[in-house]
Amino acid sequence: MNHSIARRTLLGAGATLAATAAFPTWAQAPATLRFAAVFSDKDIRADMMKMFAKDIEADFKVEPHLNSTLFRQGTELVALQRDNLEMGNIAPQDISKQVPAWSLLTSAYLFRDPEHLTRFFASDLGTQMKKMVEDQLKVKILGPTFFGTRHVGLKTKKKINVPADLAGVKLRMPPGDTWQMLGRSIGANPTPMAYAETYTGLQTGAIDGQDNPLPNVQNMKFYEVMSQIVLTSHLVAFDLLTVNMKTWQAMSPAKQRSFQAAADKAIAWSTAEHQKREAELAETFRKQGLDVYVPNIAAFRDQASDEAKTWPAGMLDKINALK
């Protein structure tokens, strides 16, 4: 009797081992990566993240938290650093709060266009700046997420041709010193305000205007409470698709390569979509009754260059020389 029980026990154990061997680690549920961003589900970058999530779904499940619903705008970077968040779309202005050298990358008229931006981050200079973040902040930058060129949108009908015309204009900017400097560098009176509050701020007159790329103006319906868009083109706007370093280092080299490749593919698609949308929207807003025009860009560029004199000698020249 005892021999029979022992035999059944051994057979049962063998069956369990066989079942375990038949369902190796790939059968486990993919790890969840929470992703936090300020943009809405109408944003092209929301579709970018869907593409990215699809390409890595064998290994990870991306859980998006948009509209700053998981972390307040500007706090996502600290959440990544504290291992409270796996992925985020991080503003370079937030990085510059901890790495002052990064303030250079937030300055007006630094990058000529999205291609120049992409070339910079693929260059030795860009690699140095990314490594600075990895070493000092312990987060991994996957790449720059271009989301359009920033222009000034105003509720007032006053014509703007040179920076002096923006004197006294309360221009909504995100909170933070680098954002305020950007507002001053184009001649305005920068007023810190959260992205989600901007529509109401324009509607009530708490602010006179805002600066955002045209796709954002459409997504957030700012055009409903503005009379004009001044095509200042003062900033090739980008954030950084970023992953928590603990999450990154837990991946095998092969998984890191596939993860990076998926990010590169999604970012390239998003960049192309933003450029296409921008080309269409200027005319769309004109048809909706907004005054859309180009001011004296040379005057705005000259004003902005005065703010840049405090940055390391030669760095601007090196960035401008990138072909």
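Refer to the structure presented above.
Summarised in this report is the structure supplied together with it. (Residues numbered from 1 in each chain as written. Predicted model: local features only at pLDDT ≥ 70, side-chain atom pairs only at ≥ 80, totals over all residues. Heavy atoms only, no water.)

## What about the overall build of the protein?
Across its full length, the protein carries 13 helices and 9 strands. Relative to its 323 residues, the protein shows a buried fraction of 51%. Looking at the protein as shown, the accessible area adds up to about 15400 Å², and 55% of this sits on carbon and sulfur atoms. (Helix = DSSP H or I, 4+ residues; strand = E, 2+ residues; numbered from the N terminus. Buried < 20%, exposed > 50% of the residue type's maximum accessible area, 1.4 Å probe, protein only. Areas by Shrake-Rupley, 256 points an atom, 1.4 Å probe, with all protein chains shown as cover.)

## Topic: the packing of aromatic side chains
Think of a pair of aromatic rings as described by two things: how far the centres are apart, and how the planes are tilted against each other in angle. Inspection of the entire model under this criterion finds 11 aromatic pairs. Considering the side-chain rings of Phe 60 and Phe 259, the 5.5 Å spacing of their centres and the 80° angle between planes classify their relative orientation as edge-to-face. Taken together, the residues span a long stretch of sequence, with Phe 60 in strand β2 (residues 60–65) and Phe 259 in helix α11 (residues 253–287) at a distance of 199 residues. Each member of the pair, Phe 60 together with Phe 259, is buried. (Phe/Tyr/Trp six-rings, centres within 6.5 Å; stacked < 30°, edge-to-face > 60°.)

## Quick notes on the environment of Gln 98
Note on placement: Gln 98 falls in helix α4 (residues 92–98). What makes Gln 98 partly exposed here is its relative accessible area of 35%. In this structure, the C-alpha to C-alpha distance between Gln 98 and Leu 137, residues 39 residues apart in sequence, is 7.8 Å. Beyond its immediate stretch of four places on either side in the chain, Gln 98 contacts Leu 77, Val 78, Gln 81, Gln 136 and Leu 137. In this structure the side chain of Gln 98 is engaged in a polar contact, spanning 2.9 Å, whose partner is the side chain of Gln 81. (Contact = heavy atoms within 4.5 Å. Polar contact = N/O pair within 3.5 Å; in protein donor to acceptor, adjacent residues only side chain to side chain.)

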